[in-house]
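Residues per chain are reported as follows:
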Amino acid sequence: MFEGNQVMLAIAPIGWTNDDMPELGGDVTFEQCISEMALAGFSGSEVGNKYPRNPEVLKKALSLRGLEIASAWFSTFLTSKPFEETTRSFIEHRDFLHEMGAKVIVVSEQGNSIQGQMETPLFEQKPVFTENQWKLLIEGLHLLGDLASEKGMKIVYHHHMGTGIQTTEEIDRLMAETDPEKVALLYDTGHLAFSGEDHLHVLNKYIDRIHHVHLKDVRMDVAIKVREGDLSFLQAVKDGVFTVPGDGVIDFKPVFEVLEAAGYKGWFVVEAEQDPSVANPFEYALKARQYIRETSGL
């Protein structure tokens with residue numbers, strides 16, 4: 001399906017070691033994580049909490065295994081803290097990713113986010129931005145987009161469960177009010193399906209704005225339990241709401257077809273945070289790689 005080198009395949013370390021819950025995979029080393037990624041047939045990775053932040057050290061460890069850095073998550077607090085606080089850490093993060101050869105910076109607004117709160121019901125207490133917060137967010141993202149472009153990079157906004165940009169309506173407003181030259185979209189199948197959105201509708205509508213893709217599947221029985229039982233995002237992850245492509249309810253074939261037809265260029269990142277003591281990350285990485293090969297030809 002996909003031609004040449006237009007699409008590269010990565011996997012996120014969050015299946016091995018969880019950034020939000022360090023007890024998940026606490027005993028898994030950085031070296032084990034990236035070695036198993038390479039063994040499973042992936043060529044890239046995002047950055048986890050155990051990755052060395054010295055570019056030379058990280059480059060050497062990755063190059064030994066034929067891996068590159070696709071991107072890394074950055075938490076913004078544009079709606080809840082002074083812009084300068086976000087700017088300082090963003091520039092440091094941007095420069096690190098630029099040194100690692102990444103072209104995009106994953107950005108997610110964490111002002112008033114409940115995604116990291118163990119006891120807060122995910123659906124019942126999802127944050128909703130005020131008009132002033134929307135203004136701060138849009139203005140701040142434009143400024144971050146300018147900072148990214150100084151290094152020839154783009155910011156890709158990550159809609160995410162438990163945040164102010166989760167639903168189709170919220171994504172619509174974000175896309176309508178931001179400059180396409182400054183703010184791109186990260187398309188995440190799993191977060192859209194978990195939220196109850198039509199992920200193919202979002203994909204088709206914003207295909208020209210999508211510059212990074214997270215391939216995440218959902219166990220819908222767990223998602224329903226989370227909604228009906230007023231569970232938190234972290235409880236949902238622990239219960240296994242997310243899994244790798246081919247192991248949940250999402251059919252990725254039409255996803256790949258739309259992206260191929262549009263000439264998508266960039267990274268596909270398998271991202272499925274699970275408890276590694278329950279879902280062996282190497283086993284699931286192999287499962288994902290096989291499914292993607294069969295479904296997309298990659």
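So, a few notes on the structure that sits alongside this text. (Residues numbered from 1 in each chain as written. Predicted model: local features only at pLDDT ≥ 70, side-chain atom pairs only at ≥ 80, totals over all residues. Heavy atoms only, no water.)

**Structural notes on helix H5 (residues 168-177)**
Residues Thr168, Glu170, Ile171, Leu174 and Met175 constitute the buried set of H5. Down the axis of H5, the smallest arc covering the buried residues is 160°, so these residues share one side. Turned more than 90 degrees away from the buried face of H5 sit Glu169 and Ala176, all of them exposed. The elements touched by buried residues of H5 are helix H4 (131-149), strand E6 (154-158), strand E7 (183-188), helix H6 (189-195) and helix H7 (199-205). (Buried < 20%, exposed > 50% of the residue type's maximum accessible area, 1.4 Å probe, protein only. Helix = DSSP H or I, 4+ residues; strand = E, 2+ residues; numbered from the N terminus. Arc of directions from axis to C-beta. Contact = heavy atoms within 4.5 Å.)

**Overview of the environment of Glu109**
Inspection of the secondary structure puts Glu109 in strand E5 (residues 104-109). Looking at Glu109, the relative accessible area reads 0%, which means it is buried. In this structure, the C-alpha to C-alpha distance between Glu109 and Gly164, residues 55 residues apart in sequence, is 7.5 Å. Once residues lying within four places of it in the same chain are set aside, the contact partners of Glu109 are Thr76, Phe77, Leu78, Thr79, Ser80, Phe129, Leu137, Tyr157 and Thr163. Among the polar contacts made by the side chain of Glu109, one reaches the side chain of Thr76 at a distance of 2.7 Å. A polar contact is formed between the side chain of Glu109 and the backbone nitrogen of Gly111, at a distance of 3.1 Å. (Polar contact = N/O pair within 3.5 Å; in protein donor to acceptor, adjacent residues only side chain to side chain.)

**Digging into the pairing of E6**
By the criterion of burial, E6 is predominantly enclosed, with four of the five residues buried. Pairing between E5 and E6: four bridges, direction parallel. From the neighbouring strand, Val107 faces E6, where its bridge partner is Tyr157. Traced from E5 through H4 to E6, the parallel crossover comes out right-handed. The pairing of E6 with E7 spans four bridges and is classified as parallel. Counted as the bridge partner of Tyr157 is Leu185 from E7. (Pairing = 2+ DSSP bridges. Right-handed = clockwise from strand over helix to strand, strands pointing away.)

**A word on the environment of Val269**
Examined against the element boundaries, Val269 turns out to sit in strand E11 (residues 266-270). Note: C-alpha distance between Val269 and Met220 (49 residues apart in sequence) is 21 Å.

**A short note on the pattern of salt bridges**
For the structure shown, the criterion picks out 16 salt bridges. Note that Lys216 is salt-bridged to Glu271, the shortest N-O span being 3.0 Å. Here the residue Lys216 occupies a position in the loop between strand E8 (210-215) and strand E9 (217-218), and Glu271 occupies one in the loop between E11 and helix H11 (281-296), the gap between them amounting to 55 residues. The network of salt bridges with shared partners includes Arg94, Asp95 and Glu150. (Salt bridge = Lys/Arg side-chain N within 4 Å of Asp/Glu carboxyl O.)

**Topic: the nonpolar core**
Counting 91 residues, the largest nonpolar core has Phe194 and Phe268 as the members making the most contacts within it. Sorting elements by how many residues they give to this core places H4 first, with seven residues. Once residues within four sequence positions are removed from consideration, Phe268 is found in contact with Phe2, Val7, Met8, Leu9, Ala10, Val213, Leu215, Phe256, Leu259 and Leu298. Grouped together as the second largest cluster of nonpolar side chains are six residues, Ala10, Ala12, Ala70 and Val269 included. (Core = buried A, V, L, I, M, F, W, Y, C linked by side-chain atoms within 4.5 Å.)

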